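Each chain, letter by letter, is given below.
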Amino acid sequence: MTSTANTQQGIVPDSLAREVERASHCPLDCPDHCSLTVTLREEPGGPTQVLKVTGSEHNPFTQGVICSKVRSFGDRVHSAERLTTPLIRKASSPKGPGAEFETASWDDALDLVAKQLLRVQRDHGGEAILPVSYGGSNGALTEGLMDERLWRRLGASRLSRDLCATSSGAAFDGLLGKMPGTDLRDYEYAKLIVVWGQNPKDSGMHLVPTIKAAQAKGAKLVVVDPRSTGLARSADLHLAIHPGTDLCLALAVHNIFFGKGWQADAFLEKHTTGVAKLRDAAALWTVDKAAAETRLDSADIERLAELLHETSPAVIRAGWGPERCRNGGSAMAAIYALAATCGLYGEKGGGLTSSQSRAVQLKSEVAVGAELPAGLRTISLSQVGRALLGHADVLDGGPTPHFVFNYNCNAASTLPNQNAVLKGLRREDLFTVVSEQVMTDTAYYADVILPATTFLEHDEVSAGYGATFLTHARKVMEAVGEARTNAAMFGGIIERAGLAQPGDATELDPLAAAILKETDLADSQRQALTRTGGTLTAFEIENGRAPMPFVDHLPRTPDQKMNLFPEDLDREAHARAQLTGASGGLYVYQPDPATTEYPLALISPAMGRMITSTFGESYAGPAPLFMNRRDAEVRGLAHGDEVRVFNDLGEAHVHVQVGGRDEPAAGTAVLLKGLWARHTANGLSSNALSPDHLSDLGGNACFNDARVEVAPR
Ligand code: SF4
């Protein structure tokens, strides 16, 4: 180096500073799991600066290409909004936007947290303590480990982390038992790719070049998405389905196959059970009936079935859109079942991939080191708002929470029924701790804020979902300021609360080794992974292809068959429907919740520049409401108009984008996911309009069941 550089320490001579490159991996809540090279500027005794984050070739699927969010991850590490010391809310300051805090030492902050935890446990019972966490970290060392040890020893409420993937998880486990899916690398060999409810440009971007490579070789593409995304516009068939009706479409395709005798009899006979009940459920869905409900053309539904019948190999990539509604579990199950009915398995490039189809399952639970007390009540993450407000129907007979510990999550921005969440967080008799990297909307409701490390500052073990890669990534730099890892933070609280026990493992390497030992990996694979701190490709390409479902491995169900009608799922769907007085069951459709007052479906898909609410500090906004031209016209709205989008739960103030890129189908409006208060005029997002009821399987959040009206403001 030939120059000097300004740092927080002043001018540092070149001879003392150096640039280094270190290997890392992205564990963020994204399927792809990119391998990274991080370029750092290090100074002896001074702060380390992230100069650059680029993709590396270690991951053979992501191949050195990463998204712009993580390319500029240094901006988050060194953000002016980065939390670098513990903070305690000033006694004079109310909770919420504009709250004021004063700096505290870690000792003082942790003493206060431990004291309040024990007070609430003593006065209200352990279940009055509610951990609130989600996928902001997404690794086995930063969630479900030391935190879980603390919650179990306190007897805290259990949290059902059901914002996403619990519908698909229940359906996938029931049908296929956590079986690995078709390797995304093999999509290049497909002759037909059906992307159902996913926009890979914004969620799992590495699928886009793979699809394009397949298209270049003549593959056909079908996209099922209410929006006219770039991928949908490049498709041979775009099914702009009405939100929440994917179940009807999938069952109609099954019905066409069974009606025409196209079903894959040999596969169904050898590898499945429950086909007769699936056929009976599908028989209710004629093409015309499905067309009426999905708002698709009958001819397009028939065309989808024809393409699946006449094209081989064909593969379905099942995304997240269909599960975010009342029918989400049944919809996902019916989509998964198509791979069997249509005979998609058994050829290179054919089959099915879901976010649930993972090569490796990581279970932090094996390293927690604390028994789970029996009988603890569970609160749904989707219903935290009403729980905080003491609604008995979501408290399962337990106490109203008096302590919330929010980590790996931005609850104020991401949970349904946002007004209830904010009202609950404002309670003065609620003690709230927020562990965060930057000052989020939720942090303003905290009594104590604890600064958290980013993935560059801590070790992590994590696995891609849908993809087949596993990593044990080492930190590449020391923590910024006084930020601490989750393990150190929760370990400190356990100590101060007097909950430590002799023999407690606290070093991360042995904990990581214990977690990896529970996987199916060979010892040599595990040792290599831990030694190199690198990426492990769980499935190598051999003989020109990745291992294939039903060829190289079978379902992880008890009989190793695909169960097309799991009775326990039927019972669960039936029981959940009964709670609302409806009749239900597996593959039973619940009608669209639209009313004449609120006729538009509001959906909140992912935004390319954020991962749910992560990176919200770097998005200037304001966020638009995307509307179909016809819907805008009948309401007298023009592009750019300021509007209120509203229903009985709340309203968000935004401007409209009419038509253009990503235009939704008529009857659907779009306000993107994860918005912060700064992104809308009144500080509320689509979640202010999202109901907090749960899906038919797995109790998934039903964001896409929001029904709204839009009017000028
Ligand atoms: S967010 Fe996804 S695409 Fe971006 S670097 Fe991480 S894994 Fe790769």
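The shown structure was predicted, so the numbers you read here are calculated from the model rather than taken from an experiment.

**Section: the sheet that holds strand E12 (residues 237-239)**
Strands in a sheet are paired, the pairing made by backbone hydrogen bonds, and the direction either parallel or antiparallel. The 5 strands are arranged E12-E11-E10-E14-E15 in an open sheet whose pairing can be described as parallel. Pairing within the sheet leaves two strands with one partner each, and these edge strands are E12 and strand E15 (351-354). Put simply, the sheet's adjacent strands are angled 15° from each other on average, direction ignored. In terms of strand pairing, strand E10 (residues 192-196) meets strand E14 (residues 314-318) through 5 bridges, oriented parallel. Within E14, the position partnered with Val 194 by the bridge is Ile 316. On top of the sheet, helix H6 (residues 207-216) reaches E10, strand E11 (220-224) and E14; it is set at about 150° to E10, its chief contact.

**Remarks on the packing of helix H8 (residues 246-260) against helix H12 (residues 298-310)**
Where H8 meets H12, the axes come as close as 9 Å, and the angle between the chain directions of the two elements is 60°. The angle between the axes of H8 and H12 places the two elements in the oblique class. In the crossing of H8 with H12, the sense of the turn from one axis to the other is right-handed. Within the contact between the two elements, H8 uses Leu 249, Ala 252, Val 253, Ile 256 and Phe 257 and H12 uses Ile 301, Glu 302, Leu 304, Ala 305, Leu 308 and His 309.

**Observations regarding the state of the cysteines**
Tallied over the entire structure, the rule returns 0 disulfides. Cys 409 carries a free sulfur, and the closest cysteine sulfur to it, the one in Cys 164, is 13 Å from it. The buried category is assigned to Cys 409, whose relative accessible area is 6%.

**Digging into the pairing of strand E24 (residues 600-603)**
Every regular strand shows the same layout, with side chains that alternate between the two sheet faces. On E24, burial covers both faces: Leu 600 and Leu 602 on one face and Ala 601 and Ile 603 on the other are all buried. Two strands pair when backbone bridges link them, and E24 and strand E29 (residues 706-712) are joined in this way by 3 bridges, in the antiparallel orientation. From the neighbouring strand, Leu 600 faces E29, where its bridge partner is Val 708. Relative to strand E28 (residues 668-670), E24 runs parallel, the two sharing 3 bridges. For Leu 602, the partnering residue across the bridge sits in E28 and is Ala 669.

**Examining the site of the ligand**
Surrounding the ligand, one finds Cys 26, Cys 30, His 33, Cys 34, Ile 66, Cys 67, Val 70, Met 205, His 206 and Ile 611. In terms of residue class, the shell around the ligand is built from 8 nonpolar, 2 polar and no charged.

**Brief notes about the domain arrangement of the protein chain**
Once the domains are mapped, the protein chain shows domain 1 (5-77), domain 2 (87-161 + 362-455 + 479-506), domain 3 (167-358 + 554-569) and domain 4 (593-712). Look at where the C-alpha atoms of domain 1 and domain 3 centre, and you get two points 39 Å apart. Listed by partner, the interface residues are 11 residues for domain 1 and 11 residues for domain 3. Contact between domain 1 and domain 3 buries roughly 750 Å² in total, counting both sides, with carbon and sulfur atoms accounting for 72%. Its largest share of buried area at the contact with domain 3, domain 1 owes to Pro 31, Asp 32 and Phe 61, together 65% of the area lost on that side. On the surface where domain 1 and domain 3 come into contact, there are 0 salt bridges. Inspection of the domain 1/domain 3 interface yields 3 residue pairs in polar contact (both at pLDDT 80 or more). Counted by class, the side of domain 1 that touches domain 3 contains 8 nonpolar, 1 polar and 2 charged residues.

**Quick notes on the environment of Lys 178**
Its location among the elements puts Lys 178 in the loop between helix H5 (166-176) and E10. Judged by its relative accessible area of 32%, Lys 178 is partly exposed. Sequence separation between Lys 178 and Cys 325 is 147 residues, and the spatial gap between their C-alpha atoms is 22 Å. With residues near it in sequence (within four places) discarded, Lys 178 still touches Phe 172, Asp 173, Arg 358, Gln 361 and Arg 556. Polar side-chain contacts of Lys 178 include one of 3.2 Å to the side chain of Asp 173.

**A few points about the side chain of Arg 386**
Here Arg 386 lies in helix H14 (residues 384-388). The exposure class of Arg 386 is buried, given its relative accessible area of 16%. A polar atom in the side chain of Arg 386 sits 2.8 Å from the side chain of Asp 692. Not counting residues up to four positions away in its chain, the partners in contact with Arg 386 are His 391, Asp 393, Val 394, Asn 417, Ala 420 and Asp 692.

**Concerning the sheet that holds strand E18 (residues 431-436)**
The 6 strands lie next to each other as E7-E6-E19-E18-E17-E8, forming an open sheet whose pairing is mixed. Taken across any chain shown, the strands that pair with only one partner, and hence form the sheet edges, are strand E7 (101-103) and strand E8 (129-133). The average undirected angle you get between the axes of adjacent strands in this sheet is 20°. As judged from the 3 bridges shared by strand E6 (residues 87-89) and E7, these two strands associate in the antiparallel manner. Its bridge partner lying in E7, Arg 89 is registered against Phe 101. Across the sheet, helix H3 (residues 106-124) lies against E6, E8, strand E17 (403-407), E18 and strand E19 (448-451), angled at about 130° from E19, the strand it touches most.

**Quick look at the pairing of strand E21 (residues 469-473)**
Of all 5 residues making up E21, 5 are buried, and the element is well covered by its neighbours. Side chains Phe 469, Thr 471 and Ala 473 of E21 all project onto a buried face; the interleaved residues Leu 470 and His 472 project onto the opposite face, where all are buried too. Across 4 bridges, the pairing between strand E20 (residues 460-463) and E21 is antiparallel. Opposite Ala 463, over in E21, you have Leu 470 as the bridge partner.

**Quick look at the confidence of the model for the protein chain**
Looking at the protein chain, pLDDT values average 93 and 95% of them are 70 or higher. The low-confidence segment residues 1-12, where pLDDT is below 50, has 25 contacts with residues more than four positions distant or belonging to other chains.

**Quick word on the nonpolar core**
Counting 67 residues, the largest nonpolar core has Leu 249, Leu 304, Leu 308 and Tyr 587 as the members making the most contacts within it. Not counting chain neighbours up to four residues away, the residues in contact with Tyr 587 comprise Leu 175, Leu 247, Leu 251, Leu 278, Ala 281, Ser 330, Ala 333, Ala 334, Ala 337, Leu 564 and Phe 565.

**Re unusual backbone geometry**
Cis rather than trans, the peptide bond between Ser 312 and Pro 313 has omega equal to 0°. On the secondary structure map, Pro 313 appears in the loop between H12 and E14. The linkage connecting Gly 621 with the following residue, Pro 622, adopts the cis geometry, with an omega of -5°. The topology assignment puts Pro 622 in the loop between E24 and strand E25 (624-627). Not every positive phi belongs to a glycine, and His 33 is a case in point at roughly 65°. Structurally, the position occupied by His 33 is in the loop between strand E3 (18-25) and strand E4 (35-42). Residue His 33 is classed as buried on the basis of its relative accessible area of 3%.

Rules used throughout
- Every residue gets a number counted from 1 within its own chain, in the order that chain's sequence is written.
- In view of the model being predicted, local features appear only for residues whose pLDDT reaches at least 70, and side-chain atom pairs are presented and counted only at 80 or more, with totals across whole chains, interfaces and linings using the full set of residues.
- As a rule here, side-chain values cover all heavy atoms of the structure and leave hydrogens and water aside.
- At least two DSSP bridges between two strands are needed for those strands to be called paired.
- Counting from the N terminus, the helices are the DSSP runs of H or I reaching at least four residues and the strands are the DSSP runs of E reaching at least two.
- Between N-to-C directions, angles cover 0 to 180 degrees, with each direction set by a line fitted to C-alpha atoms, over the stretch in contact for helices.
- Any pair of residues with heavy atoms lying within 4.5 Å of one another is described as a contacting pair.
- The scheme is simple: roughly parallel for angles under 35 degrees, roughly antiparallel for over 145, roughly perpendicular for 65 to 115, oblique for anything else.
- Here a crossing is called left-handed whenever its near helix is offset anticlockwise from the far helix by less than a right angle, and right-handed whenever the offset is clockwise.
- Only a pair of cysteine sulfur atoms within 2.5 Å qualifies as a disulfide here.
- Buried residues are those whose accessible area, probed at 1.4 Å on protein chains only, stays under 20% of the maximum for their type, while exposed residues exceed 50% and partly exposed ones sit between those limits.
- One heavy atom suffices: a residue is near a molecule or strand as soon as one of its heavy atoms comes within 4 Å of it.
- Ten residue types, Ala, Val, Leu, Ile, Met, Phe, Trp, Tyr, Cys and Pro, are classed as nonpolar, four, Asp, Glu, Lys and Arg, as charged, and the remainder, Gly among them, as polar.
- Where a domain begins and ends is set by an automatic assignment or by a domain database.
- Defined here as a combined quantity, buried area equals the accessible surface (1.4 Å probe) lost by two parts on assembly, summed across both.
- Just to be clear on terms, a salt bridge is a Lys or Arg side-chain nitrogen sitting within 4 Å of an Asp or Glu carboxyl oxygen.
- Here a polar contact means two N or O atoms within 3.5 Å. Within protein one must be a hydrogen donor candidate and the other an acceptor candidate, and residues neighboring in sequence count only if both atoms are side-chain atoms.
- Values of pLDDT, ranging from 0 to 100, describe the predictor's confidence in every residue of the model.
- To define a nonpolar core, start from buried Ala, Val, Leu, Ile, Met, Phe, Trp, Tyr and Cys residues and group those joined through side-chain atoms within 4.5 Å.

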